[in-house]
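Each chain is listed here by its residues.
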Amino acid sequence: MKLLEERIRKDGVVKPGNVLKVDSFLNHRMDVELFDAMGAEFKRLFAKRPINKILTIEASGIGIACVAAQHFHVPVVFAKKSQSINLDGESYVTQIQSFTHKRVYDVIVSKKYLSPEDHILIVDDFLANGCAVIGLIELIQSAGATVEGVGIAVEKGFQEGGVLIRGRGIQVESLAIVESMDAETGTIEFRPQDPEGKGGYGAESL
Ligand code: 5GP
């Protein structure tokens, strides 16, 4: 999605340790009009899927997921990071290794909000090593629900998450894929988008 790539080039900051900071429009201050364009693009890319719910993880996925949900006309559920496992049996629980905070979180969703009839689109801001998305897939599988796809704002294509999740046969659509980035020079290279210029990458280019 050209609009997002241009914004990352203009306002993204490459930090040491393979971290791309996009606080000025995505992770701290939020450009809701950009989110709206991203939501429309997710709707176009997943148009054929019978999605009835969006699942994300707190905190930074929530804004994008909520705006996207207006294009799908479905509710959003966000997985909560919990300090202690709640053993009352009323929640689905998994563990997720945080890329940015370098620690493991217990992550929960109430059993009330995921059910076997659900057809779920996972939405998150970044895809790096894939731990967050794989954790969300585990929660969905615990509920016996169906993963319809994964919509990501920014994928770091040089980390393994994209390969791991596509390797499971899941449709992953990332609106911008960073091929490489350099903290010293600040340069960011994107994976070329599909030749028809529609935005999106197309399964064949991945
Ligand atoms: P993963 O679980 O795929 O390794 O990492 C994805 C999660 O870590 C996302 O939910 C996102 O919040 C965070 N993350 C990973 N890489 C970056 C990055 O380069 N920049 C920012 N802002 N967040 C990242």
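Values in this document were obtained by computation on a predicted structure and should not be read as measured data. (Residues numbered from 1 in each chain as written. Predicted model: local features only at pLDDT ≥ 70, side-chain atom pairs only at ≥ 80, totals over all residues. Heavy atoms only, no water.)

Enquirer: Account for the environment of Ser110, with residues named and values stated.
Expert: In this fold, Ser110 is placed in strand S6 (residues 104-110). In sequence terms Ser110 and Phe72 are 38 residues apart; their C-alpha atoms lie 22 Å from each other. (Helix = DSSP H or I, 4+ residues; strand = E, 2+ residues; numbered from the N terminus.)

Enquirer: Now, about helix H4 (residues 60-72): what can you tell me, with residues and values included?
Expert: Helical periodicity: at 3.6 residues per turn, an α-helix aligns residues three or four positions apart in one direction. Among all positions in H4, only Gly61, Gly63, Ile64, Ala65, Val67, Ala68, Ala69 and Phe72 are buried. Elements that come into contact with the buried residues of H4 comprise helix H2 (23-27), helix H3 (32-45), strand S3 (53-57), strand S4 (76-82), strand S7 (119-127) and strand S8 (146-156). Following H4 by one or two positions, His73 adopts a phi angle in the positive range, close to 60°. (Buried < 20%, exposed > 50% of the residue type's maximum accessible area, 1.4 Å probe, protein only. Contact = heavy atoms within 4.5 Å.)

Enquirer: Hey, could you go over the site of the ligand for me, with residue numbers and the actual values?
Expert: Surrounding the ligand, one finds 17 residues, the nearest of these being Leu20, Asp124, Ala128, Gly130 and Ala132. Note that an oxygen atom of the ligand is positioned 2.8 Å from one of the side-chain N or O atoms of Asp124. Between Gly130 and the ligand, the recorded distance is 2.7 Å, taken from a backbone N or O atom to an oxygen atom. Considered on its own, the ligand offers 500 Å² of accessible surface; in the complex 91% of this is hidden by protein. Those elements giving two or more residues to the shell around the ligand turn out to be strand S2 (19-21), S7 and helix H5 (131-142). Looking at which element gives the most residues to the shell around the ligand, the answer is S7, with 4 residues. For the shell around the ligand, a count of residues per class yields 8 nonpolar, 6 polar and 3 charged. (Near = heavy atom within 4 Å. Polar contact = N/O pair within 3.5 Å; in protein donor to acceptor, adjacent residues only side chain to side chain. Areas by Shrake-Rupley, 256 points an atom, 1.4 Å probe, with all protein chains shown as cover. Nonpolar A, V, L, I, M, F, W, Y, C, P; charged D, E, K, R; others polar.)

These figures capture arrangement, not role.
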